[in-house]
Amino acid sequence: AQGSLLRRSWWPWRLLLLAWLSLVGTAQPPAPARPRGTWGSWGPWSSCSSSCGDGVALRSRRCLRTSEEQPCTGDPRQYRLCQLQGCPSGSVPFRAMQCSLYNNRPVLGTSARYRWVPFHGAPNLCDLNCLAEGHNFYYSFGRVLDGTRCSPGSPDLCVGGRCLSVGCDGILGSGSRPDACGHCGSGHGSCVLVHRLFQGSDPSSGYLGYVNVTKIPAGATHIKVTDKSRNYLALMASDGRYVLNGDWAIAWPGPYEAAGTVLTYSRAPDGTESLEAPGPTHEDLHVLVLLQEPNPGIEYQFWLPRGHPQLGRGDTSPLRQPQPRGAGSPPPPEPSL
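Rules used in this analysis
Residues numbered from 1 in each chain as written. Predicted model: local features only at pLDDT ≥ 70, side-chain atom pairs only at ≥ 80, totals over all residues. Heavy atoms only, no water. pLDDT = per-residue confidence, 0-100. Contact = heavy atoms within 4.5 Å. 1 Å grid on protein atoms, 1.4 Å probe; cavity = no way out; pocket = protein on both sides within 12 Å on 5 of 7 lines; lining within 4 Å. Points joined across faces, edges and corners; volume = space filled by probe spheres on them. Helix = DSSP H or I, 4+ residues; strand = E, 2+ residues; numbered from the N terminus. Nonpolar A, V, L, I, M, F, W, Y, C, P; charged D, E, K, R; others polar. Pairing = 2+ DSSP bridges. Axes fitted to C-alpha atoms, helices over the stretch in contact; angles between N-to-C directions. Disulfide = S-S within 2.5 Å. Buried < 20%, exposed > 50% of the residue type's maximum accessible area, 1.4 Å probe, protein only. Phe/Tyr/Trp six-rings, centres within 6.5 Å; stacked < 30°, edge-to-face > 60°.

On to the confidence of the model for the protein, then. When pLDDT is averaged across the protein, the result is 81; 79% of the residues are at 70 or more. Every residue in residues 316-331 scores below 50 in pLDDT, and together they form 36 contacts with partners more than four places removed in sequence or on other chains.

Moving on: the layout of surface pockets. Approximately 440 Å³ is the volume found for the largest pocket. What lines the largest pocket is a set of 20 residues, and nearest its centre among them are Cys87, Val92, Pro93, Phe94 and Arg95. Every element with two or more residues in the lining of the largest pocket is listed here: α2 (94-100) and β8 (148-149). The greatest single-element share of the lining of the largest pocket, amounting to four residues, is contributed by α2. Of the residues assigned to the lining of the largest pocket, the class counts are nine nonpolar, eight polar and three charged. Approximately 160 Å³ is the volume attributed to the second largest pocket. Lining the second largest pocket are Trp42, Asp75, Arg77, Gln78, Tyr79, Arg162, Leu164, Ile171, Leu172, Gly173 and Ser174. Counting only elements with at least two residues in the lining of the second largest pocket, the list comes to β4 (77-83) and β10 (162-164). Ranked by residues supplied to the lining of the second largest pocket, first place goes to β4 with three residues. Looking at side-chain class alone, the lining of the second largest pocket contains five nonpolar, three polar and three charged residues.

Taken in spatial order, the three strands of this open sheet run β5-β6-β7, and their pairing is antiparallel. For this open sheet the edge positions go to β5 (116-118) and β7 (138-143), each flanked by a neighbour on one side alone. For this sheet, the mean angle separating the axes of adjacent strands, direction not counted, is 40°. Summarising the sheet, strand β6 (residues 127-132) and β7 pair through four bridges and their orientation is antiparallel. Opposite Cys130, over in β7, you have Tyr139 as the bridge partner.

Further remarks concern the environment of Ala249. Structurally, Ala249 can be placed in the loop between β15 (242-244) and β16 (254-258). Ala249 sits 15 residues away from Ala234 along the chain, and the two C-alpha atoms are 10.0 Å apart.

Turning our attention to the state of the cysteines. Scanning the entire structure with this criterion turns up seven disulfides. The disulfide that involves Cys63 links it to Cys72, with 2.0 Å between the sulfurs. Between Cys63 and Cys72, the S-S dihedral sits near 85°, and the bridge is therefore right-handed. Its relative accessible area of 14% is what places Cys72 among the buried residues. Sulfur-sulfur distance for the disulfide between Cys126 and Cys158 comes to 2.1 Å.

Okay, the packing of aromatic side chains next. Under the criterion given, the structure shown has 11 aromatic pairs. Ring centres 4.4 Å apart and planes at 20° place the aromatic pair Phe119 and Tyr138 in the stacked group. Here Phe119, found in the loop between β5 and β6, pairs with Tyr138, found in strand β7; they are 19 residues apart in sequence, far enough to count as distant. Residue Phe119 is classed as partly exposed on the basis of its relative accessible area, which comes to 25%. Arranged with centres 5.4 Å apart and planes meeting at 40°, the rings of Tyr210 and Tyr242 form a pair that is tilted. With Tyr210 in strand β12 (residues 209-216) and Tyr242 in strand β15, this residue pair connects regions lying 32 residues apart in the sequence. Tyr242 shares its class with Tyr210; the two are buried.

With respect to the helices, strands and loops of the structure, Leu197 is situated in strand β11 (residues 191-198). Spatially, the C-alpha atoms of Leu197 and Thr226 are 9.6 Å apart, while their sequence positions differ by 29 residues.

Below, the structure is given as C-alpha cells:
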C-alpha cells in the first residue's frame, strides 16, 4: 500500500519531467543574424540654402543591400554649415522674411488679413511661428526653411524641423567638439594637462621683490593662475616686457592682450587674484609674483598638445633674478583713480 502511494505521488512529477524533456529536445538554435547593407559613397555637397550670412548644404548616400540584408545603420543625409559673406545692412532676417511671405493673405479660415512678424515663445523652435502685428495671437505656418536660426543669437540651425548644433567639423548634429587644445574630433588623447603648485621663495627679513613662478610656453590653452595672498601676480612677455603688475606698479583688474590671446585679470577684496586666458598663446609668457608676505602657494594650470617639447623639461622661467627692495620699503601702490 505504501509503494502504491509513492507511485501515485511520483506520477505527476514524471509527466512534468517528460514534457520538459520534449521541449528541450525540440528547441531549435536561434537563426543567425541577417547581415546589414553597406553605405555607398557620399554624393557632392549641394549649393548653400542662403545667398548671404549662414546657411546649410546637403549631401546624401545610398544604402547598398540585397533583399536578405537589413537596412544600413546611420543617416542617409548629412548637413554642414556654409558661411557666406555678410548680408547687406538693413536686410530682413531670414525668419522674418519667411513670416512676411504671408502678409495680407487670408488665414484661419476667415477673410481677415494680417501682417506677420516672428514669434519666439512657441514650444517648437523650428516651426514658422508668426505673431500678427497689433494682436495677441500667433499662427504656425509649418516648418521654417533649412538653415534658419533656432532662436535669436543662437548658433544652432533648423534642418528638417529639428534644431541641430554645429560641430567643430562644421557638420550639423555631428556632436564633434574641440578638445582642450582646440583640436577637433581628436578626443582627449592629444592633449595633456599641466597642473602644479608653486610654494617656494618666502621673503626673508627686509626683502621684497619679484620671484619667478613658471613659464607658460607658446601653444598653451585654458590657462589659469590663482594666488590667495597679499602678494601680486605679474606677467611678462618673452621679450622681457611686463604685461601686468610690472615695475612696482599695480594694474587694474580687467582684460589684457598678450601672446595672441586675451587674458582676464581679477583681484578680490581679500587679495585673491587670478589670471585666465583661453589661448592658444603665440609666444612664451612668464608668470612672476611680487612678494609682500610669505607665499602660501600659487596654483597654475594649462593644457599643451601631446608631444610638446616643454612637457619633457622643467617649467622654470629663465628670467632676470628677483628685484629686491630695501628694508622698510612700502608696498607697491594700488592704481589710483
